[in-house]
Amino acid sequence: MARGGRGCHLGLALGLLLALVLAPPALRAKPTVRKERVVRPDSELGERPPEDNQSFQYDHEAFLGKEDSKTFDQLTSEESKERLGKIVDRIDSDGDGFVTTEELKTWIKRVQKRYIYDNVAKVWKDYDRDKDDKISWEEYKQATYGYYLGNPTEFHDTSDHHTFKKMLPRDERRFKAADLDGDQTATREEFTAFLHPEEFEHMKEIVVLETLEDIDKNGDGFVDQEEYIADMFSHEENGPEPDWVLSEREQFNEFRDLNKDGKLDKDEIRHWILPQDYDHAQAEARHLVYESDKNKDEKLTKEEILDNWNMFVGSQATNYGEDLTKNHDEL
């Protein structure tokens, strides 16, 4: 596995992938994207290439991805400024004519959350079979594992049998954790927590537990250094390890294994994959304010933002004006 393949199967990657393998085309659900182990990667926004001060490419790609950042090139400067001006009015929540760092951070977080709810909306109809605007555990189970459940002998001696036996109870455990009222039926909010547990505080223990289960190959309830490395690097050929693998071993010893016992327990895994000491929305908001605040009063006027429109239009705060056509009440 190449570097950067630290993804854990958050969001149902394995469960839904199994559905693709086992179910007939009409019943197949779409798998979610395989995610990084670290839910909030700790990359500092200040560490940007010097030439990026002119292009703002770092801002665009860090918060939108390379593909989405290309959308900026399709807008004229007039279109960008017009859309940005209207979005500034939305960001200025108290209507005082200024955009503060806190208002900007709130907006960026709102855009992030909207992406999650949009993702849920895209797959909702695949599971809500009786169209009652709720998804029961039985509906989800049949949509995802129904073909297997209906044809068990067909897969009994295949590797899919082992995967199925592992993933079905795991999905059920996560579903129950997301189902706060315990009625075995998920509302949209509960189903969002089921699909995106890393975004909900009451689901963090499930995220940690699933990560441990993914990496802990010897089943001792801990992650040792070899398991940690094997999760991100497949040593297919004999020879020296790449430098980045050696660096990861050092990371394990110095920063992951906090009590220095040679293995990671649940608390140490939580500290690793769910770092609490860095807020990307806060960092980006501070950066945008710092770069645009001409009079250094630590808040932005619409004029200051429009004067620096090139940076803002490509940032996560504006999302290319898409917010102008969406219903924000849903967030």
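Residues numbered from 1 in each chain as written. Predicted model: local features only at pLDDT ≥ 70, side-chain atom pairs only at ≥ 80, totals over all residues. Heavy atoms only, no water.

What follows is about the nonpolar core. Of all hydrophobic cores here, the largest spans 24 residues; its most connected members are Tyr127, Ile135, Tyr140, Tyr145, Phe191, Phe194 and Leu195. Counting only elements with at least two residues in this core, the list comes to helix H6 (101-127), helix H7 (137-150), helix H8 (159-178) and helix H9 (188-195). Counting residues in hydrophobic clusters, the runner-up holds 19 residues, among them Ile87, Trp107, Val111 and Leu300. (Core = buried A, V, L, I, M, F, W, Y, C linked by side-chain atoms within 4.5 Å. Buried < 20%, exposed > 50% of the residue type's maximum accessible area, 1.4 Å probe, protein only. Helix = DSSP H or I, 4+ residues; strand = E, 2+ residues; numbered from the N terminus.)

The feature "domain: EF-hand" (unreviewed entry), as given by UniProt, occupies residues 79-114, 115-150, 166-201 and 203-238 in the numbering adopted here. In residues 79-114, helix accounts for 75% and strand for 6%; the two terminal C-alpha atoms are 23 Å from one another. Helix makes up 75% of residues 115-150 and strand 6%, whereas the separation of the span's terminal C-alpha atoms amounts to 35 Å. (UniProt positions renumbered as here; feature names shortened; annotations may be inferred.)

The next subject is the environment of Trp124. Looking at where Trp124 falls in the secondary structure, it is placed in helix H6. Overall, Trp124 belongs to the buried group, its relative accessible area being 5%. In this structure the C-alpha to C-alpha distance between Trp124 and Thr192, which are 68 residues apart in sequence, comes to 9.8 Å. Apart from the residues within four sequence positions on either side, Trp124 is in contact with Asp133, Lys134, Ile135, Ala186, Thr187, Arg188 and Phe191. (Contact = heavy atoms within 4.5 Å.)

Within the secondary structure, Lys105 sits in helix H6. Judged by its relative accessible area of 15%, Lys105 falls in the buried class. With residues up to four places along the chain from it excluded, the contact list for Lys105 reads Asp279, Ala281, Gln282 and Ala285.

Counting across every chain of the model gives 14 aromatic pairs. On the numbers, 3.7 Å between centres and 25 degrees between planes, the contact of Tyr148 with Phe164 is stacked. With Tyr148 in helix H7 and Phe164 in helix H8, this pair connects stretches of sequence that are 16 residues apart. Take Tyr148: its relative accessible area is 2%, and that puts it in the buried class. (Phe/Tyr/Trp six-rings, centres within 6.5 Å; stacked < 30°, edge-to-face > 60°.)

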